[in-house]
Amino acid sequence: MHLNDHRNHADLVLNLDNGNIGGTSNNNFYVDDKASLLPSAVSGNRIASTLRWILNDKNSRNMLLFLLLNSSFAFVELFYGIWTNSLGLISDAFHMFFDCTGLIAGLIATVRTN
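All values derive from a computational prediction rather than experimental measurement.

Caption draft 1: Fine view of the overall build of the protein. Check the secondary structure of the protein and you find 3 helices and 3 strands. For the protein, the α and β elements follow one another from N to C terminus as β-β-β-α-α-α. Burial statistics for the protein: of 114 residues in total, 18% are counted as buried. Accessible surface computed for the protein: about 8700 Å², of which carbon and sulfur atoms make up 61%.

Caption draft 2: View of the packing of aromatic side chains. The tally for this structure, following the rule as stated, stands at 4 aromatic pairs. Where Phe75 meets Phe97, the ring centres are 5.0 Å apart and the plane angle is 70 degrees; that geometry is what we call edge-to-face. Of the two residues, Phe75 is situated in helix H2 (residues 58-84) and Phe97 in helix H3 (residues 87-113); the sequence distance between them amounts to 22 residues. Look at Phe75 and you get exposed, because its relative accessible area is 53%. Summarising the aromatic geometry, the rings of Phe79 and Trp83 are spaced 6.3 Å apart at their centres and angled 20 degrees between planes, so their arrangement reads as stacked. Of this pair, Phe79 and Trp83 both sit in helix H2, separated by 4 residues, roughly a single helical turn. For Phe79, a relative accessible area of 58% translates into the label exposed. Members of the aromatic cluster, connected to one another through ring pairs, are Phe75, Phe94 and Phe97.

Caption draft 3: Molecular detail of H3. Spanning 27 residues, H3 covers 39 Å between terminal C-alpha atoms, matching the ideal 39 Å at 1.5 Å per step. Here H3 has its buried residues at Ile90, Ala93, Met96, Cys100, Leu103 and Leu107. On its buried face, H3 sits against helix H1 (44-56) and H2.

Caption draft 4: Molecular detail of the side chain of Glu77. Within the secondary structure, Glu77 is located in helix H2. Although Glu77 is buried, it makes no salt bridge; Arg61 carries the closest opposite charge, 25 Å away. If sequence neighbours within four positions are ignored, Glu77 has contacts with Leu89, Asp92, Ala93 and Met96.

The rules behind the values
Numbering of residues starts from 1 in every chain and runs along the sequence as written. Under the rules for a predicted model, residues below a pLDDT of 70 receive no local features and side-chain atom pairs below 80 are neither given nor counted, while totals for whole chains, interfaces and linings still include all residues. The side-chain figures draw on all heavy atoms in the structure; neither hydrogens nor water molecules are used. Strands are runs of DSSP state E lasting at least two residues, helices are runs of H or I lasting at least four, and both sets are numbered from the N terminus onward. Burial classes follow relative accessibility: with a 1.4 Å probe on protein chains only, a residue under 20% of its type's maximum area counts as buried, one over 50% as exposed, and anything between as partly exposed. All accessibility values rest on the Shrake-Rupley procedure with a 1.4 Å probe; residue burial counts only the protein chains present in the view. Stacked, edge-to-face and tilted labels apply to pairs of Phe, Tyr and Trp rings (six-membered ring for Trp) whose centres lie within 6.5 Å, assigned for plane angles under 30 degrees, over 60, and everything in between, in that order. Given a helix with a known number of residues, its expected span is that number minus one, times 1.5 Å. By definition, residues are in contact when any of their heavy atoms lie within 4.5 Å. Neither His nor the chain ends is counted toward charge; the positive residues are Lys and Arg and the negative residues Asp and Glu. Every case where a carboxyl oxygen of Asp or Glu lies within 4 Å of a side-chain nitrogen of Lys or Arg is listed as a salt bridge.

Dropping the structure here:
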């Protein structure tokens, strides 16, 4: 079974015979020279340029700083809640982690729209 994927002008061919993935270019899979096995979102240049854009934009920078501050307080609160066996602190720490996921979603939306 061959699957062809033509993203970014690259041919990605997988042969899934007998459940084997990988191997040589003529029987299992190959990626041509223009393609990368990593998605573009995790490549180093993409991350660096996105981080530069976030730090240059005032609203995105403030959102990132609040995300870092909120997550650091959540980790401290979780650690101290576990240490003192306080269910209130532990539950509030998880509440803050869910707030962080909302901030991450907002930051991603800001980056994607610009």
